[in-house]
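# Remarks on the overall topology
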Amino acid sequence: MELNRSVDARAYALGVCDAFCEVVRAGVKRIALSHPFTQDELDTVLGADFIRDCTAIAAQYGCGAHHQTEPLLTDLFPISLNAGRQNVIFYRDPADLEAFLGICRDKRALVASGAYTGDARREIAVRFGRLLSYSEEAIDRLIAQNTEREPDNSTVTSAAESTLPGRFFIAGRARNRDHILHICRLFDDLQIPRYCFLENDASYQAAGLDGADPKLAETVEALGLHHPSVRALFEHDLRAERDAENFLLVLPAGKSAHIEAGIAYGLGKRCYAVGPYDTTDTLYHIFEKIFRDENELKAFLADVSRPC
């Protein structure tokens, strides 16, 4: 009998996830990572429902599953193992997931400031190793034996900027439809992939709504919170936000869009905003940059998307 390699690979990957979840539930590890995979492998081999199945397996063990689309690269492991790949993070305590996302944010801040070097760089790897429940001896050994590392800080910064665009999740207030769609055209002109809730035609159709309805916002607001259409839109948008590498909030925005910004920050995404804001808010420090207008945003996107 000839084996189906795609099915075998998917079954093997899920089996590994099952084993990791059992280890996490037993308290042997605070977090565990699935084998890394590329977006192409997710689309063609593992299947569109792989993340959903990982989440279901984790739930059976009383654990959570977080789809990490941007790898955390540290000196703990050879860069070729994870560069350009994704993982599913399994955890029992939500605080441990937040600790992982905190390491991701701290590394990005160090790289952006040119400080990802020396003891600060090593500390990122050590924190990651401890979160994986490795012993201090094992962490020291892995770092010492790893000869395949990221380039120095100046090169890392350049590489991070050159690959920054990735996929953007664009959020805003539905009543600002025309302005948000104009922002979307900036991304299209520069061929930067993005998702915008205003162009979610397939989801609107599935929810029985007309995405072109100029009064769509009012229509949705008139529905009950537990209406199937509202739930369908929520799940589709949240999935798109998880899949994005970057988040852009178009200001001024309402409470829903600000909640999305908080979700993106909590997921470890790079967060940006564009447009004027009425008052200073300390929580706006979640944004790496707030662009004054679309021209400043366009210049930034054009610069970071330029081939090196």
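Residues numbered from 1 in each chain as written. Predicted model: local features only at pLDDT ≥ 70, side-chain atom pairs only at ≥ 80, totals over all residues. Heavy atoms only, no water.

Between L251 and P252 the backbone carries a cis peptide bond, its omega angle lying at -5°. Following the sequence through the fold, P252 ends up in the loop between strand 6 (246–250) and helix 12 (255–266). Notably, S133 is not glycine yet its phi reads approximately 70°, a positive angle. When you line up the elements, S133 lands in the loop between helix 5 (118–131) and helix 6 (136–145). Residue S133 is classed as partly exposed on the basis of its relative accessible area, which comes to 32%. (Helix = DSSP H or I, 4+ residues; strand = E, 2+ residues; numbered from the N terminus. Buried < 20%, exposed > 50% of the residue type's maximum accessible area, 1.4 Å probe, protein only.)

With that settled, consider the pattern of salt bridges. The tally for this structure, following the rule as stated, stands at 19 salt bridges. Residue R122 is joined to D140 by a salt bridge in which the shortest nitrogen-to-oxygen separation is 2.7 Å. Separated by 18 residues along the polypeptide, R122 in helix 5 and D140 in helix 6 bring together distant segments of the chain. Under the relative-accessibility criterion, D140 is labelled partly exposed at 38%. Shared partners join several salt bridges into a network, and the residues in it are R10, D49, R52 and D53. (Salt bridge = Lys/Arg side-chain N within 4 Å of Asp/Glu carboxyl O.)

Across the sheet, which stays open at both edges, the three strands sit in the order 1-3-2 with antiparallel pairing between neighbours. Two strands close off the open sheet at either side, each with one partner strand: strand 1 (31–33) and strand 2 (64–68). Across this sheet, the average inter-strand angle for adjacent strands is 25°, counted without regard to direction. Bridge analysis of strand 2 against strand 3 (residues 87–91) gives five bridges, and the strand direction is antiparallel. Across the sheet, residue Q68 finds its bridge partner in strand 3, namely N87. Together, strand 1, strand 2 and strand 3 form the strand contacts of helix 4 (residues 94–113), whose direction differs from that of strand 2 by roughly 15°. (Pairing = 2+ DSSP bridges. Axes fitted to C-alpha atoms, helices over the stretch in contact; angles between N-to-C directions. Contact = heavy atoms within 4.5 Å.)

Quick look at the packing of helix 8 (residues 177–189) against helix 13 (residues 294–304) now. Packed helices, taken two at a time, are described by the angle between their axes plus the distance between the axes. One can describe the packing of helix 8 onto helix 13 by two numbers: an axis separation of 10 Å at closest approach and a directional angle of 20°. Comparing the axis directions of helix 8 and helix 13 gives the class roughly parallel. The element helix 8 and its partner helix 13 pack so that their crossing is right-handed. Contact with helix 8, carried on its side by H179, H182, I183, L186 and F187, involves E294, L297, K298 and L301 of helix 13 and no other residues of that element. Taken together, the residues of the contact of helix 8 with helix 13 break down into five nonpolar, two polar and two charged. (Parallel < 35°, antiparallel > 145°, perpendicular 65-115°, else oblique. Left-handed = near helix turned anticlockwise from the far one by under 90°. Nonpolar A, V, L, I, M, F, W, Y, C, P; charged D, E, K, R; others polar.)

Another point: helix 3 (residues 50–60). Where helix 3 is concerned, the buried positions are F50, I51, D53, C54, I57 and A58. An end-on view of helix 3 places all buried positions within 160° of arc, on one side of the element. Exposed and oriented more than 90 degrees from the buried face of helix 3 are R52, A59 and Q60. One or two steps after helix 3, the chain reaches G62, where phi turns positive at roughly 70°. (Arc of directions from axis to C-beta.)

Another aspect to go through is the packing of aromatic side chains. Each aromatic ring pair is specified by the distance between its two centres and by the angle formed by the two planes. Taken as a whole, this structure holds 12 aromatic pairs when the rule is applied. Arranged with centres 5.9 Å apart and planes meeting at 15°, the rings of F169 and F247 form a pair that is stacked. Remark: F247 occurs in strand 6 and F169 occurs in strand 4 (residues 168–171); sequence separation between them is 78 residues. For F169, a relative accessible area of 1% gives the class buried. Plain terms: the ring middles of Y272 and F300 are 5.6 Å apart, the flat faces sit at 45° to each other, and that makes the pair tilted. A residue pair is termed long-range when its members are at least 10 positions apart, and Y272 in strand 7 (residues 270–274) and F300 in helix 13 qualify at 28 residues. Ring pairs connect the aromatic residues F168, F187, Y272, F291 and F300, which therefore count as one cluster. (Phe/Tyr/Trp six-rings, centres within 6.5 Å; stacked < 30°, edge-to-face > 60°.)

All right, on to the side chain of N82 then. Mapped onto the fold, N82 is located in the loop between strand 2 and strand 3. If we ignore the near neighbours within four places in the chain, the residues touching N82 are P36, P71, L73, F77 and N87.

Next up on the list: the confidence of the model for the chain. Detailed reading of predicted coordinates is not advised where the pLDDT is low. Of all residues in the chain, 84% have pLDDT values of 70 or greater, and the mean over the chain is 83. Mean pLDDT in the chain bottoms out at helix 7 (residues 153–162), which sits at 42, and peaks at strand 1, which reaches 95. Below pLDDT 50 for its whole length, residues 1–6 participates in three contacts with residues either more than four positions away or in separate chains. This model gives residues 154–163 a pLDDT under 50, and the stretch forms eight contacts once residues within four places in sequence are excluded. (pLDDT = per-residue confidence, 0-100.)

Core analysis: the biggest nonpolar cluster contains 21 residues, and I31, L72, L76, F100, I103, F128 and I143 have the highest contact counts within it. For this core, the elements supplying multiple residues, two or more each, are strand 3, helix 4, helix 5 and helix 6. Aside from chain neighbours lying at most four places away, what touches L76 is A125, F128, G129, L132, Y134, I139, L142, I143 and N146. Formed by 19 residues, the second largest nonpolar core is a distinct cluster that contains F187, I192, F197 and L248. (Core = buried A, V, L, I, M, F, W, Y, C linked by side-chain atoms within 4.5 Å.)

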